[in-house]
Amino acid sequence: NAGVTQTPKFRVLKTGQSMTLLCAQDMNHEYMYWYRQDPGMGLRLIHYSVGEGTTAKGEVPDGYNVSRLKKQNFLLGLESAAPSQTSVYFCASSYSPPGWTSTDTQYFGPGTRLTVL
Amino acid sequence: KNEVEQSPQNLTAQEGEFITINCSYSVGISALHWLQQHPGGGIVSLFMLSSGKKKHGRLIATINIQEKHSSLHITASHPRDSAVYICAVDKIIFGKGTRLHILP
């Protein structure tokens, strides 16, 4: 099992450019998440998905869009990148949803380091 | 909104010492998660717990639901334990992490 993979690992964009980050998991998990991690701050939830075709906003959704057309893939899009979106982006997946008492593990991808100039 | 506070922010200790990292949250939760982030950036799940105590090797995690507090303990610490330890509530709100450095 590859677990959770992210593509690309690094990317440099110019302000205004667009791009899509791809997250893939092979564990048949229903729930997938996109977080961003910035220096001095904890991980912050951007969007999450509760199943194929269904997404929901997290704490910091502005400037991002997501899609879950296939159960194993969760895409994060930046339509018009801004320097404030320079960050490390982590994808994660889990069997049970946020807020459940179930104590199953959440699996994280290796991260994508994005720089917007 | 739930606030998650971790203490200490940074911790340096000698190899072999007993380590305690604390996590407090402001609103009732369903499950609390302890994560380890390696110097290279990868994030690994250590424990997910909703009550009581869990142990895995030299790591022990406890949670007190009434006091809204959790602790992560490392016994017989080793330089390879050097990492950032992060607590999170309900997979949604994350603490800023505790940077642990174990000296040989």
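For clarity, every value in this text was computed on a predicted model and none was experimentally measured.

**A few points about the overall build of chain B**
And then number 1: Looking only at helices and strands, one finds zero helices and eleven strands in chain B.
And then number 2: Secondary structure elements in chain B, listed N-terminal to C-terminal, are β-β-β-β-β-β-β-β-β-β-β.
And then number 3: A globule of 104 residues ought to have a C-alpha radius of gyration of about 13 Å, and chain B, at 13 Å, matches this closely.
And then number 4: Every one of the 104 residues in chain B was classed for burial, and the buried ones make up 49%.

**Here's the deal with the interface of chain A and chain B**
And then number 1: The interface is formed by 23 residues belonging to chain A together with 21 residues belonging to chain B.
And then number 2: For the chain A and chain B pair, buried surface summed over both sides reaches about 1,700 Å², with 58% attributable to carbon and sulfur atoms.
And then number 3: Inspection of the chain A/chain B interface yields zero salt bridges.
And then number 4: Between the two partners, chain A and chain B, sit three residue pairs in polar contact (both at pLDDT 80 or more).
And then number 5: Of all elements in the fold, only strand S4 (31-37), strand S9 (87-94) and strand S10 (106-108) of chain A reach the threshold of two or more residues within the side of chain A that touches chain B.
And then number 6: The biggest single contributor to the side of chain A that touches chain B is S4(A), with three residues.
And then number 7: When its residues are assigned to classes, the side of chain A that touches chain B shows ten nonpolar, eleven polar and two charged.

**Regarding the sheet that holds strand S7 (residues 65-67) of chain A**
All names here are of chain A.
And then number 1: Read across the open sheet, the four strands follow the order S1-S3-S8-S7; overall the sheet is antiparallel. Each end of this open sheet is capped by a strand with a single partner; those strands are strand S1 (4-7) and S7. Here the strands of the sheet are splayed against their neighbours by 20 degrees on average, with no regard to which way each runs.
And then number 2: Where S7 and strand S8 (residues 73-78) come together, three bridges link them in antiparallel fashion. Bridging across to S8, asparagine 65 finds its partner in glycine 77.

**Considerations on the side chain of Ser49(A)**
All names here are of chain A.
And then number 1: Positionally, serine 49 belongs in strand S5 (residues 44-51).
And then number 2: From its side chain, serine 49 meets the backbone oxygen of glycine 51 in a polar contact 3.0 Å long.
And then number 3: A distance of 2.7 Å separates the side chain of serine 49 from the backbone oxygen of threonine 54, its partner in a polar contact.
And then number 4: Those residues in contact with serine 49 that lie beyond four places of it in its chain are Glu30, Tyr31, Met32, Thr54, Thr55, Arg68 and Phe74.

**Concerning the layout of surface pockets**
And then number 1: Looking at the largest pocket, its volume works out to about 850 Å³.
And then number 2: As for the largest pocket, its lining consists of 37 residues, of which Gln37(A), Gln37(B), Gly41(B), Val84(B) and Arg99(B) are closest to the centre.
And then number 3: When grouped by side-chain class, the residues that make up the lining of the largest pocket number 13 nonpolar, 19 polar and five charged.
And then number 4: Roughly 310 Å³ of volume is contained in the second largest pocket.
And then number 5: Around the second largest pocket, the lining is made up of 18 residues, and of these Gly42(A), Val4(B), Phe94(B), Gly95(B) and Lys96(B) lie nearest the centre.
And then number 6: Looking at the lining of the second largest pocket, the elements with two or more residues in it are strand S1 (4-7) and strand S10 (93-94) of chain B.
And then number 7: Of the residues forming the lining of the second largest pocket, the biggest block, three residues, is contributed by S1(B).

Each value, and the rule that gives it
Numbers given for residues are sequential positions, taken from 1 along each chain in its written order. Labels are handed out in written order, letters beginning with A for the chains and numbers beginning with 1 for the ligands. Reporting of local features is limited, given that this is a predicted model, to residues whose pLDDT is at least 70; pairs of side-chain atoms are given and counted only at 80 or more, and all residues count toward the totals for whole chains, interfaces and linings. Side-chain descriptors were evaluated using all non-hydrogen atoms of the structure, hydrogens and water having been removed beforehand. Labels follow the DSSP assignment, with helices taken as runs of H or I lasting at least four residues and strands as runs of E lasting at least two, numbered in each case from the N terminus. What the globule rule says is 2.2 Å times the number of residues to the power 0.38, and the radius of gyration is computed from C-alpha atoms. In this scheme, a residue with accessible area under 20% of its type's maximum is buried, one over 50% is exposed, and one in between is partly exposed, where area comes from a 1.4 Å probe on protein chains only. The criterion used for residue contact is that any of the two residues' heavy atoms lie within 4.5 Å. When two components associate, each loses some accessible surface as probed by a 1.4 Å sphere; the sum of these losses over both components is called the buried area. Basic side-chain nitrogens of Lys or Arg form a salt bridge, by our definition, when they fall within 4 Å of a carboxyl oxygen of Asp or Glu. As used in this structure description, the phrase polar contact means that two N or O atoms lie within 3.5 Å; if the pair is within protein, one of them must be able to donate a hydrogen and the other to accept it, and residues adjacent in sequence are counted only when both atoms belong to side chains. Residues are grouped as follows: nonpolar covers Ala, Val, Leu, Ile, Met, Phe, Trp, Tyr, Cys and Pro; charged covers Asp, Glu, Lys and Arg; every other residue, Gly included, is treated as polar. Here the rule is simple: two strands pair whenever DSSP picks up at least two bridges between them. Only the stretch in contact is used when fitting a helix axis, every axis being a line fitted to C-alpha atoms; angles between N-to-C directions are given from 0 to 180 degrees. Using only the protein atoms, space was sampled on a 1 Å grid; points where a 1.4 Å probe fits but cannot get out form cavities, open sets with protein on both sides within 12 Å along at least five of seven lines form pockets, and lining residues are those with an atom within 4 Å of a point. Grid points are joined across faces, edges and corners, and a volume is the space filled by probe spheres set on the points.

In short, shape yes, function no, at least from these values alone.
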